[in-house]
Amino acid sequence: MPETIPSPTIAILAGEDSGDQLGADLIVALRQRYPAARFVGIGGKRMQAQDFESWHDIHELSLFGFTEVVRHLPRLLKLRKTLVARLLETRPDVVIGIDAPDFNLGVEQRLKQAGLRTVHYVSPSVWAWREKRAEKIGRSADRVLCLFPMEPAIYARHGIDARFVGHPLADRFALVSDRAGAREILQLPHDVPVLALLPGSRPSELARMGSIFIDAARRVAAALPGLRVVIPAANPQVLARLRELLAKGPHDDHVLLFDGHAHEAMLASDVVLLASGTAALEAMLAKRPMVAGYRVSPLSYRVARALNMLKTDVYTLPNILARAGGMGEDTVLVPELMQADFTAAKLADATLALFNDSERRGHIVAAFEQLHRALRGELGGRAGDQAASAIAELLDGERDAT
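Presented here is a report on the structure given in the accompanying data block. It should be emphasised that the depicted structure is a prediction, and the values quoted were computed from it without experimental measurement.

Calculation criteria
Residues numbered from 1 in each chain as written. Predicted model: local features only at pLDDT ≥ 70, side-chain atom pairs only at ≥ 80, totals over all residues. Heavy atoms only, no water. Helix = DSSP H or I, 4+ residues; strand = E, 2+ residues; numbered from the N terminus. Buried < 20%, exposed > 50% of the residue type's maximum accessible area, 1.4 Å probe, protein only. Contact = heavy atoms within 4.5 Å. Areas by Shrake-Rupley, 256 points an atom, 1.4 Å probe, with all protein chains shown as cover. Core = buried A, V, L, I, M, F, W, Y, C linked by side-chain atoms within 4.5 Å. Domains from an automatic or database assignment. Axes fitted to C-alpha atoms, helices over the stretch in contact; angles between N-to-C directions. Parallel < 35°, antiparallel > 145°, perpendicular 65-115°, else oblique. Salt bridge = Lys/Arg side-chain N within 4 Å of Asp/Glu carboxyl O. Pairing = 2+ DSSP bridges. Right-handed = clockwise from strand over helix to strand, strands pointing away.

Examining the overall build of the protein chain
Helix and strand content of the protein chain: 18 helices and 13 strands. Sorting the 402 residues of the protein chain into buried and exposed places 51% on the buried side. Taking all contacts inside the protein chain whose residues are at least 6 apart in sequence as the whole, residues at least 24 apart take part in 68%. About 18200 Å² of surface is accessible on the protein chain, with carbon and sulfur atoms providing 51% of the total.

Observations concerning the nonpolar core
Counting residues in each nonpolar core, the largest one holds 124 residues, and the members touching the most others are Ile-12, Ile-96 and Tyr-121. No other element matches the nine residues that helix α10 (residues 203-223) contributes to this core. Each of domain 1 (9-166 + 377-397) and domain 2 (179-376) gives at least three residues to this core. Leave out the neighbours within four places in its chain, and Tyr-121 touches Leu-22, Leu-26, Ile-96, Gly-97, Ile-98, Asp-99, Leu-145, Leu-147, Val-165, Ala-383 and Ala-387.

Description of the packing of helix α16 (residues 344-355) against helix α17 (residues 358-376)
Here α16 crosses α17 at 90 degrees, and the two axes come no closer than 6 Å. Between α16 and α17, the angle is such that the two are roughly perpendicular. In contact with Ala-353, Leu-354 and Phe-355 of α16, α17 contributes Arg-360, Arg-361 and Ile-364.

Structural notes on the pattern of salt bridges
Overall, the coordinates contain 15 salt bridges when judged by the stated rule. A salt bridge links Asp-20 to Arg-46; the nearest nitrogen and oxygen atoms lie 3.8 Å apart. Here the residue Asp-20 occupies a position in helix α1 (residues 16-33), and Arg-46 occupies one in helix α2 (residues 45-48), the gap between them amounting to 26 residues. On the accessibility criterion, Asp-20 (3% relative accessible area) is buried. Its relative accessible area of 39% is what places Arg-46 among the partly exposed residues. A single salt-bridge network, built from bridges that share partners, covers Arg-143, Asp-161, Arg-163 and Glu-393.

So, the side chain of Thr-351
With respect to the helices, strands and loops of the structure, Thr-351 is situated in helix α16. By relative accessible area, Thr-351 is classed as buried at 0%. With sequence-adjacent residues up to four places away left out, Thr-351 is seen in contact with Leu-195, Val-220, Val-271, Leu-273 and Val-291.

Things to note about the sheet that holds strand β10 (residues 255-259)
One open sheet accounts for six strands, arranged β10-β9-β8-β11-β12-β13; its pairing is parallel. The open sheet has two edge strands, β10 and β13 (336-338), and neither has a second partner. Neighbouring strand axes in the sheet, compared pairwise and without regard to direction, differ in orientation by 20 degrees on average. Alignment of strand β12 (residues 290-294) against β13, held across three bridges, turns out to be parallel. Residue pairing in the sheet places Tyr-294 in a bridge with Met-338 of β13.

Digging into the pairing of β12
Taken across its five residues, β12 has five buried, putting it largely inside the fold. Going residue by residue along β12, you find Met-290, Ala-292 and Tyr-294 tucked away on one face and Val-291 and Gly-293 tucked away on the opposite face as well. Pairing of strand β11 (residues 271-275) with β12, which is carried by four bridges, proceeds in the parallel orientation. Paired with Val-272 across the strands is Met-290, a residue of β12. Of the crossover connections in this fold, the one passing from β11 over helix α13 (residues 278-285) to the parallel β12 is right-handed.

Things to note about the sheet that holds strand β3 (residues 53-56)
Within the open sheet, the seven strands sit side by side as β3-β2-β1-β4-β5-β6-β7. Their pairing is parallel. At either margin of the open sheet sits one strand with a lone partner, and together these are β3 and β7 (162-164). Between one strand axis and the next, the sheet turns by 20 degrees as a mean value, whatever way the strands run. Here three bridges tie strand β2 (residues 38-42) to β3, and the two strands are oriented parallel to one another. From the neighbouring strand, Gly-41 faces β3, where its bridge partner is Ser-54.

See the structure below:
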């Protein structure tokens, strides 16, 4: 008789839009292995489009920063209690927490203690924060799926099963970028300098930093005749807020505001000015020299410093990856202007320095190409497929053992 096709129940807990995309890719890859699988948990529209049964709104987990988590703590604790009870009742074959470590790791730990198989997809930044956090993650997850190649070795030092599955963003960018094609899409001239400005994807970030980024872009435009500034908004709420910020200053004929099109804006640009975060990784994969700035709330910054939580003197992923990849312990591919250094004047000066130094830009592009290849790895498949294979090992091993 032919082997029965397994039909596992797979729980996925995703926070943020990025987690929704990872979850959707994962569901597609897992369905190829388990066509009759049932997927439940917390997910957004992309996951739901893949026949995912979402028990709660994904935005309930979309929090950022220490102060935001503290403010919403009672609601999060109630959500966690309700979710854990339902998962214990459902008894899925595996529970996969995608990112959102402040919430998911606690859920995973309770479920693992109750005998459920758990996976954490997207390692918290153990290379930047206290490495001993890896031990806590090991108490929560039977397996950690890592997006960066330097991460499994850190977990191995603590006896934790971790796999590098590749970064999904590395699959979405070509190794050789197409500036001309992106300018065609955005209807930009081919013979003018272009600055892509990405001042943050959350309203809270725009409230702290938006006006400073816009001031910096205006300073760059004043010094570079013919410059076009393209600003892609992450969502309609951010688009409306950006319009408000731009309206507070002089009319900017050189500024083009887009609803979405972040990747095209980066690819079309010569230099990117951005808020430190995932956008820095995307700009690296687009092979665009960049300047990064950021400012967190004074309370969050003081807490991090007082507890000696930060273990690196660079913040952006391109700089961290360059050092971890052997480009030198002092390598700085991306100028970083944080906290007190986050001023319009300093951002503008660093951005102009890149526009005016073509040799330096060429060196940065070559380094970014090398880092892009490392993120793809020699895995023989897309990141979602690799993650699904790592999860299938656990599922199939569990079934074979019974």
